[in-house]
Amino acid sequence: MTLSTGTAAERERQRPAVAEQAPEPNRGAHRPPVKAWLQPVLISLIVVAAFIACYVGLQRDPQPHRVPIAVTGPSLPGEIQRALGDAVEVHPAADAATARHALERYDVVAVLDAAAPGHLNLQIAGAAGVSTTSAVSRLVDAYAQGAGAHMTTADVVPPVEHDARGLAGFYVAFGVSLAGFVLGSNVLGPAGVMHLRHRYFLLAGASAAIGTVGAIVVGPVLGAAPAPLVPLVFVLALLAAATAFTTKLLGALLGPIGLPITTLVLLTVGNATSGAVVGADLLPSWARTVSALLPPGAAVRGIADLSYDNGSHLAGPVLTLALWAIAAGFLLSLRPRLMRRRAAVA
């Protein structure tokens, strides 16, 4: 049995001195390595620079390149092609009805015909995007002024009333891509408590739910996309799945740097080059190539096609989205086998 010495008051007075002499927690711990300081700073700087460069840079001076327009008449197609050069891609049309059909099918974005001597009639598809139709109008107007002709313009395929700027496709694609990114990054966490196939079910089911909510909000609720609901749900669900599975894949393979790479490729470059804010025909050559290959660009094309062309050009966008989702899912399924082989070799 141990006897205590001194009164309780004396012991209480001694405690602060003891506490002051005790070393602070982690006082002797090593400083974090330089990488721990630099990596998050550099990643954040790269993301902000890429985001601003893509969105602001691509809108700074868009130049039309082979914008498809249908031109009627025996000599007018050749004159327009010579005058406007590579800025347009002239599709000679036998008559006004044929040209109008091409415009309504989204094969061209404008129709030009000589309504009378000295008078040009330009019909545009406003649903193709304000940037594209404005560029075509400026080009044809410059030609008309040089030729001393009068020009009238009519929008025969306008966007729906609640999408006056034609940007609904962009915002929908961005929102669904962002939701897919959040989904994929959050599924990285339960890897230790959830089997791979269960994570697959979670990603696929949640992607379908994201596509359904997005389609209902932009369609029946807001009336900003006149696309049929079921095909629109399918396209948006594929976009969510492509983004979610790709996010999961890069996060699993590359660790902390995987999510910033996904942000750069899909959310930043993918949405900036989607062709909604700046028409695909007005983008630089590299951006035009990327636009058709990344999920956001494919989704924007799919939404526009369903909304204004009855899905006649839907096969390409759907194939692109499906390939991204399937390829990412397949590579994810190979990862456990590769890890087991590495462990066996080690």
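Structure's up top.
Remember, it's a predicted structure, so these values are computed and weren't measured experimentally.

A. Geometry of the pairing of strand β4 (residues 119–124). Pairing geometry for strand β3 (residues 110–116) and β4, over six bridges, is antiparallel. The residue bridging A114 from the neighbouring strand is L120, located in β4. Where β3 folds back onto β4 in an antiparallel hairpin, the turn is made up of two residues, including G118, whose phi is positive at roughly 80 degrees. In this sheet, strand β5 (residues 150–155) lies alongside β4 in parallel orientation, the contact comprising six bridges. Paired with H119 across the strands is H150, a residue of β5. With helix α5 (residues 130–147) bridging β4 and its parallel neighbour β5, the resulting β-α-β unit is right-handed.

B. Expanded view of the packing of helix α8 (residues 229–254) against helix α9 (residues 258–272). As a packed pair, α8 and α9 sit with axes 8 Å apart at the nearest point and diverge in direction by 145 degrees. The element α8 and its partner α9 pack so that their crossing is right-handed. Taken together, the residues of α9 that come into contact with α8 (itself represented by T243, T246, T247, L250, G251 and L254) are G258, L259, I261, T262 and L266. Each residue belonging to the contact of α8 with α9 can be placed in one class, and the counts come to five nonpolar, six polar and no charged.

C. Quick look at the sheet that holds β5. Taken together, the five strands give an open sheet; going across it, the order is β2-β1-β3-β4-β5, and neighbouring strands pair in mixed fashion. Because the sheet does not close on itself, it has two edges, and the strands there are β2 (88–93) and β5. Ignoring strand direction, the axes of neighbouring strands in this sheet form an average angle of 25 degrees. Relative to β2, helix α3 (residues 76–84) is tilted by about 175 degrees, and along the sheet it contacts β1 (67–72), β2, β3 and β4.

D. Here's a closer look at helix α7 (residues 196–221). Spanning 26 residues, α7 covers 36 Å between terminal C-alpha atoms, matching the ideal 38 Å at 1.5 Å per step. Buried within α7 we find L196, R199, L203, S207, I210, G211, G214, A215, V218 and G219. Phi for G223, located one or two positions after α7, is positive at around 65 degrees.

E. Layout of the environment of A144. Turning to its location among the elements, A144 is positioned in helix α5. Contacts of A144, omitting those with residues within four sequence positions, involve L120, A149 and M151.

F. Quick peek at the packing of helix α6 (residues 168–187) against α9. It is at 10 Å that the axes of α6 and α9 come closest, and there the two elements cross at 170 degrees. Relative to α9, α6 is oriented roughly antiparallel. Counting all contacts with α6, which are made through F170, A173, F174, S177, L178, F181 and S185, the residues of α9 involved are L259, T262, T263, L267 and N271. Its residues assigned to classes, the contact of α6 with α9 comprises seven nonpolar, five polar and no charged.

G. The arrangement of the environment of N310 in detail. One can find N310 in the loop between α11 (295–308) and α12 (315–345). For N310, a relative accessible area of 77% gives the class exposed. Residues N310 and A227 lie 83 residues apart in sequence; the distance between their C-alpha atoms is 7.9 Å.

H. Local environment of the nonpolar core. By size, the foremost hydrophobic cluster in this structure holds 82 residues, and its most contacted members are I69, I80, L112, L122 and V136. No other element matches the 13 residues that α8 contributes to this core. Not counting residues up to four positions away in its chain, the partners in contact with V136 are V67, I69, V109, A110 and L122.

I. Representation of the pattern of salt bridges within the structure. Applying the stated criterion across every chain, the model contains three salt bridges. Close ionic contact of E104 with R100 constitutes a salt bridge, the shortest N to O distance being 3.0 Å. With E104 and R100 both in helix α4 (residues 96–104) and four residues apart, this pair spans about one turn of that helix. Where R105 meets D107, a salt bridge forms, and the shortest distance between an N and an O atom there is 3.2 Å.

J. Fine view of a nonpolar patch on the surface. A cluster of nonpolar side chains, V34, W37, L38, V41, L42, L45, I46, V48, F51, I52 and V56, forms an exposed patch at the surface whose accessible area comes to about 1,100 Å². Within the secondary structure, W37 is located in helix α2 (residues 34–60).

K. The environment of A272, seen in detail. Secondary-structure assignment places A272 in helix α9. Here A272 falls in the buried class, since its relative accessible area comes to 8%. Separated by 98 residues in the primary sequence, A272 and F174 place their C-alpha atoms 9.4 Å from one another. Those residues within four positions of A272 in sequence are excluded, and the remaining contacts are C54, Y55 and L58.

The rules behind each value
- Each chain has its residues counted from 1, running along the sequence as written.
- At least 70 in pLDDT is required for a residue's local features to be given in this predicted model, at least 80 for side-chain atom pairs to be given and counted, and no such filter applies to totals for whole chains, interfaces and linings, which use all residues.
- Side-chain metrics rest on all non-hydrogen atoms present in the structure, leaving aside hydrogens and water.
- Note on pairing: two strands pair once DSSP finds at least 2 bridges between them.
- Under the scheme used here, helices are H or I runs from DSSP no shorter than 4 residues and strands are E runs no shorter than 2 residues, and both carry numbers assigned from the N terminus.
- A clockwise course of the path from the first strand over the helix to the second, judged with the strands pointing away from the viewer, identifies a crossover as right-handed.
- For helices, the axis comes from a line fit to the C-alpha atoms of the stretch in contact; other axes are also lines fit to C-alpha atoms, and the angle between any two N-to-C directions lies between 0 and 180 degrees.
- The crossing is said to be left-handed when, going from far helix to near helix, the turn is anticlockwise and less than a right angle, and right-handed when the turn is clockwise.
- We call two residues in contact when some of their heavy atoms are within 4.5 Å.
- Here the term charged refers only to Asp, Glu, Lys and Arg, the term nonpolar to Ala, Val, Leu, Ile, Met, Phe, Trp, Tyr, Cys and Pro, and the term polar to all other amino acids, Gly among them.
- Here the expected length of a helix is defined as 1.5 Å per residue gap, with one fewer gap than residues.
- Any residue under 20% of the maximum accessible area for its type is buried, any over 50% is exposed, and the rest in between are partly exposed; the area is computed with a 1.4 Å probe on protein chains only.
- Should an angle fall under 35 degrees it is called roughly parallel, over 145 degrees roughly antiparallel, and 65 to 115 degrees roughly perpendicular, with every other angle called oblique.
- We call a set of buried residues a nonpolar core when its members are Ala, Val, Leu, Ile, Met, Phe, Trp, Tyr or Cys and they connect through side-chain atoms within 4.5 Å of each other.
- The rule for a salt bridge is simple: a side-chain nitrogen of Lys or Arg has to be within 4 Å of a carboxyl oxygen of Asp or Glu.
- For patch detection, residues must exceed 30% relative accessible area and be free of salt bridges, and they are connected within 9 Å for like charges or within 5 Å for nonpolar side chains (Val, Leu, Ile, Met, Phe, Trp, Tyr).
- Using a 1.4 Å probe, accessible areas were evaluated by the Shrake-Rupley method; residue-level cover was limited to the displayed protein chains.

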